[in-house]
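Listed below are the residues making up each chain.
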Amino acid sequence: MKIEVINFTKSIGKINVLENMNALLKSGNIYGVVGKNGSGKTMFLRMIAGLILPTAGEVRIDEKVLGKDISFPNHLGILLEKPSFLPHLTGYENLLMLAKIRKVTRNEEIQSCMNLFDLDWKSQKKFKEYSLGMKQKLGIIQAIMENQQIIILDEPFNALDESSVETLRRVLEKLKDEHKLIVMTSHNKEDIQLLCDHTFTISDGKMIDS
Ligand SMILES: Nc1ncnc2c1ncn2[C@@H]1O[C@H](COP(=O)(O)OP(=O)(O)OP(=O)(O)O)[C@@H](O)[C@H]1O
């Protein structure tokens with residue numbers, strides 16, 4: 001798959017939160033998006049996910065224009081800040097419910113994904129009782145469990161303990177080998193250097209290095 005960002009500008013009020021962005025992303029690569037707090041990294045992810053529409057320019061997913069030819073990229077798995085799940089259900093019940101929508105993920109796959117990240121799928125603990133890191137892991141699992149072609153992860157390493165960081169690194173390498181297109185933000189240089197084939201640096205809504 002191919003994502004092309006062409007002269008994309010997004011203005012909110014008088015501010016350009018993204019300004020004249022250009023980028024090309026292809027399957028089989030991990031892309032890192034870096035920059036200071038408030039520079040526009042999350043906006044960049046929202047842009048390629050079709051969650052914000054341009055003031056000018058466009059995003060093409062395999063030649064289809066987002067917001068015109070298609071509303072959202074097909075085959076998208078996404079983790080945005082603060083994953084939202086139903087508080088009164090367990091983690092497993094939340095994932096089961098989401099899996100029912102597209103009907104592509106088997107229960108066993110959810111169970112093994114939870115095991116991989118050291119979450120007990122049989123636990124009766126409700127989502128509202130989850131710790132920050134447990135919530136993060138559930139969000140990661142939801143983004144990858146449907147085996148989507150494009151995987152967008154906003155700060156996926158946030159709040160993870162050391163062994164889960166290792167697990168996630170291995171998972172992302174495997175997804176790359178399976179020819180997925182992965183885009184992630186991180187404030188951690190080591191994660192970016194170890195994993196990413198290409199880095200986009202954003203400053204004040206502008207791409208300063210690509
Ligand atoms: N709903 C909104 N309305 C107006 N401005 C917004 C809105 N959401 C974000 N912004 C602004 O857009 C800019 C980019 O925000 P963004 O969330 O993309 O930053 P970021 O690089 O992801 O930051 P961080 O590292 O803190 O997560 C910031 O100046 C922010 O204040």
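Please read all numbers here as calculations on a predicted model, not as lab measurements. (Residues numbered from 1 in each chain as written. Predicted model: local features only at pLDDT ≥ 70, side-chain atom pairs only at ≥ 80, totals over all residues.)

Novice: Got a sec to walk through helix 3 (residues 107-116)? Specific residues and values, please.
Specialist: For helix 3, the complete set of buried residues consists of Ile110, Cys113 and Met114. The buried side chains of helix 3 occupy one side of the element, clustering within an arc of 100° when seen end-on. In this structure, helix 3 carries Glu108, Ser112 and Asn115 as exposed residues pointing more than 90 degrees from its buried face. Residues of helix 3 that are buried in the fold lie against helix 2 (91-102) and helix 4 (132-144). Of the residues flanking the end of helix 3, it is aspartate 118, one or two places downstream, whose phi is positive at about 65°. (Buried ≥ 20, exposed ≤ 12 C-beta atoms within 10 Å, placed from the backbone. Helix = DSSP H or I, 4+ residues; strand = E, 2+ residues; numbered from the N terminus. Arc of directions from axis to C-beta. Contact = placed C-beta atoms within 7 Å.)

Novice: Give me the site of the ligand: which residues, what numbers.
Specialist: In the vicinity of the ligand, the residues found are Ile12, Val17, Gly35, Asn37, Gly38, Ser39, Gly40, Lys41, Thr42 and Met43. Residue contributions to the shell around the ligand peak at three residues, all from helix 1 (residues 41-48). In the shell around the ligand, the residues fall into three nonpolar, six polar and one charged. (Near = placed C-beta within 6 Å. Nonpolar A, V, L, I, M, F, W, Y, C, P; charged D, E, K, R; others polar.)

Novice: Lay out the packing of helix 2 against helix 3 with the relevant residues and their values.
Specialist: Helix 3 packs onto helix 2 with a crossing angle of 140° between their chain directions and a minimal axis gap of 10 Å. Between helix 2 and helix 3, the angle falls in the class oblique. Our pair here, helix 2 against helix 3, has a crossing hand that is right-handed. When helix 2 is examined against helix 3, the residues Gly91, Tyr92, Leu95, Leu96 and Ala99 are found in contact with a partner set consisting of Asn107, Ile110 and Met114. Residues belonging to the contact of helix 2 with helix 3 are distributed by class as follows: six nonpolar, two polar and no charged. (Axes fitted to C-alpha atoms, helices over the stretch in contact; angles between N-to-C directions. Parallel < 35°, antiparallel > 145°, perpendicular 65-115°, else oblique. Left-handed = near helix turned anticlockwise from the far one by under 90°.)

Novice: Kindly report on the sheet that holds strand 4 (residues 56-61), identifying the contributing residues and their values.
Specialist: Within the open sheet, the four strands sit side by side as 2-1-4-5. Their pairing is antiparallel. Of all strands in the sheet, those bounded by a partner on one side alone are strand 2 (15-26) and strand 5 (64-65). Pairing analysis gives five bridges linking strand 1 (residues 2-12) to strand 4, with the strands arranged antiparallel. Looking at strand 4, one finds that isoleucine 3 is bridged to isoleucine 61. Along the sheet, helix 1 contacts strand 1, strand 2 and strand 4; its crossing angle with strand 1, the most-contacted strand, is approximately 120°. (Pairing = 2+ DSSP bridges.)

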